[in-house]
Amino acid sequence: MDIQRHSSVLGDTVEKLSDEASYKQLFHAYSEEEIIDLCRAILFPGYYGNARISKQTIRFHTGVNVETLHSLLSKQVYAGLCFADTSCVTCPEEKISAEAEAISEAFISTLPEIRGLLATDVEATFNGDPAAQNLGEVIFCYPGFRAIGNYRIAHQLYKLGVPYIPRMITEMAHSETGIDIHPGATIDEEFFIDHGTGVVIGETAVIGKGCRLYQGVTLGALSFPKDGDGVLVKGVPRHPILEDNVTVYAGATILGRITIGSGSIIGGNVWVTKDVPAGTKLVQKLSAQPTEESLMGKA
């Protein structure tokens, strides 16, 4: 190929890709991972971020991290607000920037609350799993706790009306752990997900205090209501409510806006679409035990 023609083709392509009209809806400049890393460093000093932090230096390191988080999050929220506002109704730029900074400050003010909730989740995980050697192992290693941490950060941003970013944060944990928690779900303290792969928690699910889920559990919707034009109705409560201290074992599927009463136990691989009274133990019917002859076949 002629070198001059080759350069011309590449140059023309770069120009086309750099045209604002072609990337306006696709451009994104900042990393959610940086924000999550900063949040972890603030929430769990010594575990994440600067490992040499001490009682004498914690105020300094926390201050630096909070200032950095405020700056990065403000930019990220600004980008999200602009991206969501396709008609530019909320312009001028100064107004969006001020809104983004206010949201960032409001989120940062909730970090002590988030830390308090996550502390109860760590304790619940440690107390609920005999394999857990100590709290540090839970914080560093447990996929359920990692997904819960991302969820609690994303949920606060979701409540503040931040577009896109909350879902992106929970999807980061989803890709890392296989646990899919929508940031709109409402989850009380002392939450424990054991193993966790394949857990799905829908947008309008409500989970009470001290609940425990095992791998493969689905808290989903039974149906999707539509309006007169056949368009899905958004925001309607359609996922289950788990009252306090409910345990749901592996592979159970709970669908629709039903209530699982406090203290109930839902056994593995059970399909539930109706309310369950408090204190119920719901399990599959056991079939007859197989005999050696049935397993090995008749001679």
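You'll find the structure just up there.
My aim in this report is to walk through the structure given alongside it, one point at a time. (Residues numbered from 1 in each chain as written. Predicted model: local features only at pLDDT ≥ 70, side-chain atom pairs only at ≥ 80, totals over all residues. Heavy atoms only, no water.)

Some remarks on the overall build of the chain
Right, on to step 1. When its secondary structure is counted, the chain shows 10 helices and 14 strands.
Right, on to step 2. Looking at the 299 residues of the chain, the share that counts as buried comes to 39%.
Right, on to step 3. Considering only residue pairs separated by 6 or more positions, the chain has 46% of its internal contacts joining residues 24 or more positions apart.
Right, on to step 4. Accessible area of the chain: about 16,900 Å², with a carbon and sulfur share of 55%. (Helix = DSSP H or I, 4+ residues; strand = E, 2+ residues; numbered from the N terminus. Buried < 20%, exposed > 50% of the residue type's maximum accessible area, 1.4 Å probe, protein only. Contact = heavy atoms within 4.5 Å. Areas by Shrake-Rupley, 256 points an atom, 1.4 Å probe, with all protein chains shown as cover.)

What about the environment of Met172?
Right, on to step 1. Relative to the assigned elements, Met172 resides in helix H9 (residues 165-177).
Right, on to step 2. What makes Met172 buried here is its relative accessible area of 16%.
Right, on to step 3. Distance in space between the C-alpha atoms of Met172 and Ala147 is 8.7 Å, their sequence separation being 25 residues.
Right, on to step 4. Among residues more than four places away in sequence, those in contact with Met172 are Glu32, Glu33, Ile36 and Asn150.

Some thoughts on the sheet that holds strand S6 (residues 212-213)
Strand pairing in a sheet is mediated by backbone hydrogen bonds. Such pairs are either parallel or antiparallel.
Right, on to step 1. The strand order across the open sheet formed by five strands is S3-S6-S9-S12-S14, and the pairing between neighbours is parallel. One side of each edge strand has no neighbouring strand; the edge strands of this open sheet are strand S3 (192-193) and strand S14 (281-282).
Right, on to step 2. Bridging between strand S12 (residues 265-266) and S14 involves two bridges; their strand directions are parallel. Bridging from a neighbouring strand, Ile265 pairs with Lys281 of S14. (Pairing = 2+ DSSP bridges.)

Description of the packing of aromatic side chains
Right, on to step 1. By the definition in use, this model includes six aromatic pairs.
Right, on to step 2. Plain terms: the ring middles of Phe44 and Tyr48 are 6.5 Å apart, the flat faces sit at 65° to each other, and that makes the pair edge-to-face. Both residues of the pair, Phe44 and Tyr48, count as buried.
Right, on to step 3. Three or more aromatic residues link up through ring pairs in this structure, and these residues are Phe44, Tyr47, Tyr48, Phe140 and Phe145.
Right, on to step 4. The cationic tip of Arg40 hangs over the ring face of Tyr48; the distance from NZ or CZ to the ring centre is 5.9 Å. (Phe/Tyr/Trp six-rings, centres within 6.5 Å; stacked < 30°, edge-to-face > 60°. Lys NZ or Arg CZ within 6 Å of the ring centre and 35° of its normal.)

Let's talk about the environment of Ser262
Right, on to step 1. If you trace the backbone, Ser262 turns up in the loop between strand S11 (259-260) and S12.
Right, on to step 2. Along the backbone, Ser262 and Lys209 are 53 residues apart, and their C-alpha atoms lie at a distance of 9.4 Å.
Right, on to step 3. When neighbours within four sequence positions are excluded, Ser262 is seen to be in contact with Glu243, Asp244, Val246, Ala278 and Gly279.

By themselves, these observations are geometric and do not establish any function.
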